[in-house]
Amino acid sequence: MAERPQEEARVEDLPLSGIRVLDLTNVLAGPYCSFQLSLMGAEVVKVEKPGSGDLARHLGPDPALNDVGLGASFLAQNAGKKSVELDLKDAEGKAAFEDLVRGADVLLENYRAGVLTRLGYDWDTLEALNPALVYCAISGFGQTGPDSQAPAYDQIVQGLSGMMSITGSADTAPLRIGFPVSDSVGGLMAAFAISSALAGRARTGRGAHLDLSMLEASVSAMGWAVSNYLISGIETVPMGDQNATAAPSGTFHADDGPLNIAANRQAQFVTLCTVIGRVDLLDDPRFATRDLRKIHREKLNDEIDAALADRSAGEWASKLSAAGVPAAPILTVAQAVESEQLAYREFFHDVPFPGRPDRVVRTSSNGIHLDGRPLRPQGPPPLLGEHNGELDELRRSGREHDSIRAGAGS
């Protein structure tokens with residue numbers, strides 16, 4: 001594979017350079033959001049509970065890492081951030097927090113709805129401290145409504161969104177999607193909302209209060225599964241490894257294992273039949289149109305599987321892709337991570353392991369290349385309280401911002 005040396009982008013050249021994010025979040029949805037902002041150049045200051053910090057520090061498959069507060073779940077989403085410890089129930093902690101708010105551009109939290117308000121920091125209070133603040137609260141169900149106080153984890157939201165009911169087959173549904181999709185979608189939607197609010201602030205000078213519901217973000221991301229019901233009154237049913245919108249489109253079986261084929265267009269169906277040596281299927285009245293193929297999906301799939309049985313999934317994927325029919329083998333997570341495509345795109349990056357210069361942490365980027373270069377974490381994940389020594393400077397910066405704003409308003 002050809003090497004692609006890239007000059008690393010300087011932080012000051014990134015779109016969110018100069019933006020300070022005060023991050024009060026835990027575990028995944030919030031940290032995933034602030035990680036995206038960090039990759040875009042923002043300075044992210046994690047405000048963590050003294051002594052224990054982000055719960056993700058103790059989550060992951062390696063008990064030894066969990067015990068020292070560097071669980072894999074934490075390492076994966078927090079590279080390049082700073083960590084300070086503050087007790088928001090303590091008078092000195094509150095005073096420090098208020099100074100930090102005065103100097104922040106963004107305040108991000110994912111407490112249960114109303115928790116920050118009960119600590120004394122509702123939107124009116126935060127806006128008075130910093131009228132230019134973009135405040136984003138991520139919660140399971142939003143800050144209002146009958147379910148706003150209900151506890152929410154990713155699996156709970158998956159179930160309430162309807163996505164579990166359509167995952168799996170008629171015999172196996174409902175199934176949890178195999179990764180925390182509601183957390184991830186919620187984090188991405190929050191990062192989008194914050195970036196939009198910052199763009200709006202550049203025009204108006206005003207901050208914004210963003211109320212992000214993971215449930216609503218998840219339903220929004222479900223696409224046709226929701227729109228088919230809203231627009232046509234058709235309820236989506238679980239179809240396992242098949243694509244309900246087209247046929248043949250789904251998982252098929254070659255000599256050595258499964259592969260995905262998506263012949264969603266008529267021309268692709270014609271090409272598929274030609275490549276696999278079954279042009280006779282084109283004359284079968286059961287498969288003449290898109291809608292007829294969906295009705296007779298099982299019979300069509302059986303015919304295609306029989307034709308694929310004499311070659312490997314990799315061979316068929318190469319032939320079909322070359323002919324213009326989307327096709328690919330089904331990889332394990334390990335195979336996907338080690339794929340040539342991700343390596344070529346420099347998707348993974350090694351950063352120093354916290355407190356261990358002899359070791360590295362391999363982290364993901366986000367798939368965005370800026371001016372031809374992949375976005376990279378700007379440093380290692382922080383040890384708990386690693387940047388407590390910078391707290392006085394961060395507070396001073398906040399007070400200076402407040403003084404400048406007061407002078408501008410006089």
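Relevant structure appears above.
Below is a short write-up of the structure. (Residues numbered from 1 in each chain as written. Predicted model: local features only at pLDDT ≥ 70, side-chain atom pairs only at ≥ 80, totals over all residues. Heavy atoms only, no water.)

**Topic: unusual backbone geometry**
So, step 1. The omega torsion of the bond from A173 to P174 falls at 0°, within 30 degrees of zero and hence cis.
So, step 2. Structurally, P174 is set in the loop between α7 (154-161) and α8 (181-204).
So, step 3. The phi angle at V27 is positive, at roughly 70°, despite the residue not being glycine.
So, step 4. Looking at the element boundaries, V27 is found in the loop between β1 (20-23) and α1 (29-39).
So, step 5. For V27, a relative accessible area of 30% corresponds to the partly exposed category.
So, step 6. Positive phi outside glycine occurs at D371, with the angle close to 55°. (Helix = DSSP H or I, 4+ residues; strand = E, 2+ residues; numbered from the N terminus. Buried < 20%, exposed > 50% of the residue type's maximum accessible area, 1.4 Å probe, protein only.)

**Considerations on the packing of aromatic side chains**
So, step 1. Per the counting criterion, the structure on display carries three aromatic pairs.
So, step 2. When the ring of F97 is compared with that of Y121, the centres are 4.9 Å apart and the planes differ by 70°; the resulting orientation is edge-to-face. Residue F97 is located in helix α4 (residues 91-103), and its partner Y121 is located in the loop between α5 (115-118) and α6 (123-129); the two are separated by 24 residues in the primary sequence. For the pair formed by F97 and Y121, the shared burial category is buried.
So, step 3. Judged by centre distance (6.2 Å) and plane angle (20°), the ring pair of W123 and Y135 falls under stacked. (Phe/Tyr/Trp six-rings, centres within 6.5 Å; stacked < 30°, edge-to-face > 60°.)

**What to know about the sheet that holds strand β4 (residues 106-109)**
So, step 1. Spatially, β3-β2-β1-β4-β5-β6 is the arrangement adopted by the six strands of the open sheet, whose pairing is parallel. Two strands in the sheet have a free side with no partner beyond their single neighbour: β3 (82-85) and β6 (208-213). Strand-to-strand twist in this sheet, taken as the mean axis angle between neighbours without regard to direction, amounts to 20°.
So, step 2. Both strand β5 (residues 134-139) and β6 contribute to a ladder of six bridges, which runs parallel. If you follow I138 over to β6, its bridge partner there is L212.
So, step 3. Strands in contact with α8 are β4, β5 and β6; relative to β6, the strand with the most contacts, it is inclined by about 165°. (Pairing = 2+ DSSP bridges. Axes fitted to C-alpha atoms, helices over the stretch in contact; angles between N-to-C directions. Contact = heavy atoms within 4.5 Å.)

**Structural notes on the side chain of E48**
So, step 1. Following the sequence through the fold, E48 ends up in strand β2 (residues 43-48).
So, step 2. At a separation of 2.8 Å, a polar atom in the side chain of E48 contacts the side chain of R57.
So, step 3. With near-sequence residues (within four places) excluded, E48 lies in contact with G53, D54, R57, F74, S83, V84, E85, L86 and L384. (Polar contact = N/O pair within 3.5 Å; in protein donor to acceptor, adjacent residues only side chain to side chain.)

**As for the sheet that holds strand β8 (residues 258-262)**
So, step 1. Ordered by their spatial adjacency, three strands build an open sheet running β7-β8-β9, and the pairing between neighbours is antiparallel. This sheet does not close on itself; its edge strands, each paired only once, are β7 (249-253) and β9 (327-329). For this sheet, the mean inter-axis angle between neighbouring strands, taken without regard to orientation, is 25°.
So, step 2. Taken together, the three bridges between β8 and β9 define a ladder with antiparallel strand orientation.

**Quick notes on a nonpolar patch on the surface**
So, step 1. A cluster of nonpolar side chains, Y153, I156 and L160, forms an exposed patch at the surface whose accessible area comes to about 350 Å².
So, step 2. Relative to the elements of secondary structure, Y153 occurs in the loop between β5 and α7. (Patch = residues over 30% accessible without salt bridge, like charges linked within 9 Å, V, L, I, M, F, W, Y side chains within 5 Å. Areas by Shrake-Rupley, 256 points an atom, 1.4 Å probe, with all protein chains shown as cover. Salt bridge = Lys/Arg side-chain N within 4 Å of Asp/Glu carboxyl O.)

**Brief notes about the pattern of salt bridges**
So, step 1. On inspection of all chains with the given rule, the structure shows 19 salt bridges.
So, step 2. A salt bridge links E390 to K82, with the nearest nitrogen and oxygen atoms 3.0 Å apart. Of this pair, E390 sits in the loop between β13 (373-374) and α17 (391-409) while K82 sits in strand β3, and the two are 308 residues apart along the sequence.
So, step 3. Between R278 and D280 there is a salt bridge, and its shortest N-O distance comes to 2.9 Å.
So, step 4. Put simply, E92, D99, R102, R395 and R399 are held in one network by salt bridges that share partners.

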